[in-house]
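Structural overview
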Amino acid sequence: MFSQLCNFIYDTFGFVIRDKNAFRDKLSHRLSHDFTSAVSLLEPATSIEKIVFSAYVVTLIMFSFGAVISIILYTRTSNLIILGTPFGMAIAGFTVWMELPKLISKSVIAKSLGDIPEVFNYVVMSMKIVPNLEMAMSYAAFSSTRPLAIRLRKSIMSSFYEKRNLENLLEDFIDPLGEWGGHLKRGFYLIRSALNEGDEVKRIITLNRSLEVVLEGTREIMEEFSKKLHMPTLILYSMGIMIPLALIAMIPAVSVMGLEINSIQLILIYNILIPGFVAIIIFYIISQRPVSFPIPYNKTKRPLSKVILNSVLVVIAFIVIWWMNILKFLPSISYPIIAGVGMVSAILYSHSKDAKKRIDSIQKMEKELPDALFILGRRMLDGKSPEESFIYMSALMRGSIIGEIFQKASIRMMCLNYTIKQSLFSEKFEITDSISSPRTIAVMKLLTDMLEKSGEAAGSIIIRTADHLKDIDKVEEEMKKSLHSITTMMKATASIFAPLIGGITVSLAGIIHSMLAKTYEQFQNIPEISGISYISFGTSLPSVSTYFAVVAVFLLLLGFFLLLLVNGIEKGGNPISLMYELSVTFPTIMTIFIAVYVVSGYLFNMLLG
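Residues numbered from 1 in each chain as written. Predicted model: local features only at pLDDT ≥ 70, side-chain atom pairs only at ≥ 80, totals over all residues. Heavy atoms only, no water.

1. Some thoughts on the environment of R153
Residue placement: R153 occurs in helix α7 (residues 147-162). When its relative accessible area of 25% is taken as the criterion, R153 is described as partly exposed. Through-space distance from the C-alpha of R153 to that of F173 is 9.3 Å; in sequence the pair is 20 residues apart. Polar side-chain contacts of R153 include one of 2.9 Å to the backbone oxygen of A141. (Helix = DSSP H or I, 4+ residues; strand = E, 2+ residues; numbered from the N terminus. Buried < 20%, exposed > 50% of the residue type's maximum accessible area, 1.4 Å probe, protein only. Polar contact = N/O pair within 3.5 Å; in protein donor to acceptor, adjacent residues only side chain to side chain.)

2. Here we look at the packing of helix α10 (residues 200-228) against helix α11 (residues 230-247)
Running from N to C, α10 and α11 point in directions that differ by 35°, and their axes come no closer than 4 Å. Listed contacts from α11 to S226, K227 and K228 of α10 are H230, M231 and P232. Here the residues of the contact of α10 with α11 are counted per class, giving two nonpolar, two polar and two charged. (Axes fitted to C-alpha atoms, helices over the stretch in contact; angles between N-to-C directions. Contact = heavy atoms within 4.5 Å. Nonpolar A, V, L, I, M, F, W, Y, C, P; charged D, E, K, R; others polar.)

3. Re the pattern of salt bridges
Taken as a whole and assessed by the stated rule, the structure comprises two salt bridges. With a closest N to O distance of 3.4 Å, E212 and R209 form a salt bridge. Of the two residues, E212 and R209 both sit in helix α10, three residues apart, roughly one turn of that helix. D360 serves as the salt-bridge partner of K356, at 3.2 Å between the closest nitrogen and oxygen. Here D360 and K356 lie together in helix α15 (residues 334-381), a separation of four residues that amounts to about one turn. (Salt bridge = Lys/Arg side-chain N within 4 Å of Asp/Glu carboxyl O.)

4. A few points about a nonpolar patch on the surface
Together, M231, L234, I235, M239, I243, L247, M250 and F277 line one region of the surface with nonpolar side chains, adding up to about 710 Å² of accessible area. With six residues, the single largest contributor to the nonpolar patch is α11. The exposure class of L247 is partly exposed, given its relative accessible area of 47%. (Patch = residues over 30% accessible without salt bridge, like charges linked within 9 Å, V, L, I, M, F, W, Y side chains within 5 Å. Areas by Shrake-Rupley, 256 points an atom, 1.4 Å probe, with all protein chains shown as cover.)

5. Regarding the packing of aromatic side chains
One pass over the full model with this rule turns up nine aromatic pairs. Their ring planes at 90° and their centres at 5.7 Å tell us that Y10 and F53 sit as a pair that is edge-to-face. Of this pair, Y10 sits in helix α1 (residues 2-13) while F53 sits in helix α4 (residues 48-77), and the two are 43 residues apart along the sequence. Residues Y10 and F53 agree in their burial class; the two are buried. Arranged with centres 5.3 Å apart and planes meeting at 65°, the rings of F560 and F561 form a pair that is edge-to-face. On the accessibility criterion, F561 (13% relative accessible area) is buried. Here K356 stacks its cationic end above the ring of Y580, 5.1 Å away from the centre of that ring. It is R379 that lies over the ring of Y392; its NZ or CZ is 4.1 Å from the centre. (Phe/Tyr/Trp six-rings, centres within 6.5 Å; stacked < 30°, edge-to-face > 60°. Lys NZ or Arg CZ within 6 Å of the ring centre and 35° of its normal.)

Honestly, that's just the spatial picture; any functional story needs more than this.
Given below as structure tokens:
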């Protein structure tokens, strides 16, 4: 998106540059090598002059935006320091824009590091069947859709057209990962060593060792990332969540000391600046995540009619609530907020419900795959045919998704006289019609190649493949467990703690606001003495409705960003899972916030008499 935006800005406003070639040459001598290297990793491709020119445009926009903000704030406070806001925002905008290529390139490298276990897994599996590194790398490149596999695919294609050898291919593939890809280099060194092993047992041992090196390197990187998470999450939790929620109750009280914050300033702080601060920290954390085991992304289309039906039902429910005046104890601003939350949640739920179920079935099937392969391999080691082995395994795993797939394949082989490859991957009965799992499809294709060997040899390889997948799953579970405490805290904060504190805070702010208003009325009734007028206790403070709306929007934005962080850490940024979580969490946030606001307000009024 960054590259596309830079290209769009340059194509739209680039006419102001008189000599584009001179502009390009000047930049090439002034920018660092790190910057140019980072630009080369951006996808889709862009150029240095487009990035720099778009940075100038962004600087101008930020200066104009800062000027508007400074004018608004200056008319309220008459503070000369505020006049420096446009320059500060312009400098910040230019700096951030020029640093984005470096941050994006680090994110690309981090994602590539996260792809290493999956891509390397395919290489080792293929090497265990046929000791040919070129064939194994091709199998890995075209069996995975991960960014690292795509980079490997490009390296293979370029080496093919340029007629380069395997050494150059490996350099082009590994070098962009820099120092962080050391375990990948060591893994490939061991694979190349396995090629020179004459004995198959020693070759398998060396290949297993190469996988252990890669998985151990992955664990070390993830442990280091977990340690680095402590400070960003602490800053996020305190400066972005708890302190802002606690301070909002103090706004009416500090007005007595002459520091008043009006509605515009409140909205600017709580709905723009603080959420922006939270978003920056969260995107930084996600970009630094070096390992991810993403959930297969399945695009299941939701009929538009059902989306419209759910939206209409929400509108009808809102009209009934408004007509019956059920929420009369809430500020009037709560009605459009509740309606908006209900509409957004209904749309997100409609789009993600069926796809979420399908993703869950994919994950369940991938967990079943290693056990199914182990049973299949043991059966074939006993001298049974593939057909009999398929039937035996599907009978033992009856009721599972993977068992049903093998059962259908065995029926096609026995009743229709299909080969193993035809029963799994014929145009009429392709496995991708049953389940969309790239890992399973790749393993199944490898399985058909294994079964072309003798039954005993294929059985041994299948068992090794099952152990192989178990190791990958074990690393994945370890990574998730190491981050479980952080993700659990973020989920609880977004859906429970933040709305709970927000409800109490808004209720307390309303009580303080009403007390100050009563005090001001009492002072107004007292005659002035010697021409001295009494202090106005916060007469320009935001109303209770404004407090309610600002905090409600703040909680919803907070919930969105925290769930985005959790989704990025746990599920590799899967959009379907994120939409489903948001559709459930948004109503939960509003329900807890409203309930606590009403109950705490009632209790505060009772205590104050």
